Amino acid sequence: GAVVSQHPSRVICKSGTSVKIECRSLDFQATTMFWYRQFPKQSLMLMATSNEGSKATYEQGVEKDKFLINHASLTLSTLTVTSAHPEDSSFYICSASSGAYRGSTIYFGEGSWLTVV
Amino acid sequence: GESVGLHLPTLSVQEGDNSIINCAYSNSASDYFIWYKQESGKGPQFIIDIRSNMDKRQGQRVTVLLNKTVKHLSLQIAATQPGDSAVYFCAENTYGNKLVFGAGTILRVKS
């Protein structure tokens, strides 16, 4: 079946630095990718919708200058956390869909743990 | 409904018993729901979905019930096994295939 891969699975970075997380669809073209954030023992919160070749659409309250999203190809979206702070430490999860219409199958990545020290 | 800063409730069941996990939503126009299972440190895994033109849908050992009158859906797991231990989320599939996740429920299966 379709696989969505995230890299790195775990990353530790120093406060003030930037870190990039990749989300790849391995065997299908993803016109739309979504980025979620999940704190321990909480639900997934949608951060942004990433469409290939266009600017990402951010959810209310998510700082677009802090969480840079690039969807440069139909198989790759990246999330860059800029000037990271300890409160940015979280589990970041991407999902990918072969279509933007409701009902097209959504595949989730395995998530990336970010720890900012 | 949406979950903001909520901590997850826990359901403990004995192995072999049936589990019922509940989810409420607030928008009467909501018409497409998905249940996900999330194991520790992993991404969500699709279990079953249901659209509002149905009130029941069955899969392998799982049943989803949708009550549009009271805006409630449930996931029933038959003969719960230790491997079912995980966090379960209901999610609403909204426009553009965006998912809005519910608060989630921790399922613990006791052997």
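Residues numbered from 1 in each chain as written. Chains lettered and ligands numbered in written order. Predicted model: local features only at pLDDT ≥ 70, side-chain atom pairs only at ≥ 80, totals over all residues. Heavy atoms only, no water.

**Student:** I keep staring at the overall build of chain A and nothing clicks. Help me out?
**Tutor:** Each helix and strand in chain A was counted, giving zero helices and 11 strands. Relative to the 2.2 N^0.38 estimate, which gives 13 Å for 117 residues, the radius of gyration of chain A is 13 Å and therefore close to what a compact globule would have. Judged by the C-alpha coordinates and their principal axes, chain A covers about 40 × 25 × 25 Å. In chain A, which comprises 117 residues, the proportion classed as buried is 49%. (Helix = DSSP H or I, 4+ residues; strand = E, 2+ residues; numbered from the N terminus. Rg over C-alpha atoms; globule rule 2.2 N^0.38 Å. Buried < 20%, exposed > 50% of the residue type's maximum accessible area, 1.4 Å probe, protein only.)

**Student:** I would appreciate a short explanation of the side chain of S43(A) in the present structure.
**Tutor:** In this fold, S43(A) is placed in the loop between β4 (32–38) and β5 (45–51). In terms of polar contacts, S43(A) uses its side chain to reach the backbone carbonyl oxygen of G102(B), at 2.5 Å. (Polar contact = N/O pair within 3.5 Å; in protein donor to acceptor, adjacent residues only side chain to side chain.)

**Student:** Quick question: what am I supposed to make of the sheet that holds strand β7 (residues 72–77) of chain B here?
**Tutor:** Across a sheet, paired strands are connected by hydrogen bonds in the backbone, their directions being either parallel or antiparallel. All names here are of chain B. Read from one edge of the open sheet, four strands run β2-β7-β6-β5, paired in antiparallel fashion. The sheet terminates laterally at β2 (19–24) and β5 (56–58), the two strands that pair on one side only. Averaged over all pairs of adjacent strands, the angle between strand axes in this sheet comes to 15°, irrespective of strand direction. (Pairing = 2+ DSSP bridges. Axes fitted to C-alpha atoms, helices over the stretch in contact; angles between N-to-C directions.)

**Student:** Just checking my understanding: could you explain the interface of chain A and chain B for this structure?
**Tutor:** How large an interface is tends to be reported as the accessible area lost when its parts come together. Facing 25 residues of chain A, the contacting portion of chain B comprises 26 residues. Where chain A abuts chain B, roughly 2,000 Å² becomes buried across the two surfaces, and 52% of that area is made up of carbon and sulfur atoms. The interface formed by chain A and chain B includes one salt bridge. E59(A) serves as the salt-bridge partner of K98(B), at 2.8 Å between the closest nitrogen and oxygen. Our count for the contact surface shared by chain A and chain B stands at five residue pairs in polar contact (both at pLDDT 80 or more). Sorting the residues of the side of chain A that touches chain B by element identifies β4, β5, β9 (90–97) and β10 (106–108) of chain A as the ones contributing at least two each. (Contact = heavy atoms within 4.5 Å. Buried area = accessible area lost by both parts, 1.4 Å probe. Salt bridge = Lys/Arg side-chain N within 4 Å of Asp/Glu carboxyl O.)

**Student:** Explain the pattern of salt bridges here, please?
**Tutor:** Residues and elements named next belong to chain A. Tallied over the full model, the rule gives eight salt bridges over all chains. For R37, the salt bridge goes to D88, with nearest N and O atoms at 4.0 Å. Remark: D88 occurs in the loop between β8 (76–81) and β9 and R37 occurs in strand β4; sequence separation between them is 51 residues. Classification of D88 by relative accessible area gives buried; the value is 4%. Because the salt bridges share partners, they merge into one network encompassing R37, K66 and D88.

**Student:** What should I look at first to understand the packing of aromatic side chains in this one?
**Tutor:** The geometry of an aromatic ring pair is captured by two quantities: the separation of the ring centres and the angle between the planes. Scanning the model with the defined rule gives 11 aromatic pairs over all chains in all. The interplanar angle of 90° and the centroid separation of 5.6 Å between the aromatic rings of Y36(A) and F101(B) together place this pair among those described as edge-to-face. Residue Y36(A) is found in strand β4, and its partner F101(B) is found in strand β9 (residues 99–101); the two belong to separate chains. Neither Y36(A) nor F101(B) differs from the other in exposure class; each is buried. Chaining the aromatic ring pairs together yields one cluster made of Y36(A), F108(A), Y36(B), F46(B), F89(B) and F101(B). Above the plane of the ring of F67(A) lies K66(A), whose end atom (NZ or CZ) is 5.9 Å from the centre. (Phe/Tyr/Trp six-rings, centres within 6.5 Å; stacked < 30°, edge-to-face > 60°. Lys NZ or Arg CZ within 6 Å of the ring centre and 35° of its normal.)

**Student:** Could you clarify how one ought to interpret the pairing of strand β1 (residues 4–7) of chain A in this entry?
**Tutor:** The two faces of the sheet receive side chains in turn, since in a regular strand these alternate between them. Residue and element names in this part refer to chain A. Burial along β1 is one-sided: V4 and Q6 are buried, while S5 and H7, pointing the other way, are not. Inspection of the sheet shows β1 paired to strand β3 (residues 19–25) by four bridges, in the antiparallel sense. Its bridge partner lying in β3, V4 is registered against S25.

**Student:** Would you mind going over the nonpolar core with me for this structure?
**Tutor:** A general tendency of soluble globular proteins is for nonpolar side chains to be buried together. Judged by nonpolar contacts, the single largest core of 23 residues is most densely connected at W35(A), Y92(A) and L114(A). Where this core is concerned, the elements lending two or more residues are β2 (10–13), β3, β4, β5, β7 (67–73), β8, β9 and β11 (112–116) of chain A. If you look at the next biggest cluster of nonpolar residues, it comprises 19 residues, including V13(B), I48(B), C90(B) and V109(B). (Core = buried A, V, L, I, M, F, W, Y, C linked by side-chain atoms within 4.5 Å.)

**Student:** Looking at this model, I keep getting lost on the confidence of the model for chain B. Mind explaining?
**Tutor:** Low-pLDDT portions of the prediction should not be read for the details of their coordinates. In the predicted model, chain B carries a mean pLDDT of 92, and 94% of its residues have values of at least 70. Note on residues 1–5 of chain B: pLDDT is under 50 here. Beyond four places in sequence and across chains, it has 13 contacts. (pLDDT = per-residue confidence, 0-100.)

**Student:** Teacher, can you tell me more about the pairing of β9(A) here?
**Tutor:** Residues and elements named next belong to chain A. Counted residue by residue, β9 has eight buried out of eight residues, so it is predominantly covered. For β4 and β9, the ladder comprises seven bridges, and the chain directions are antiparallel. Residue M33 lies in a different strand from β9, and its bridge partner there is A96. Bridging between β9 and β11 involves three bridges; their strand directions are antiparallel. Bridge assignment links Y92 to a residue of β11, and that residue is S112.

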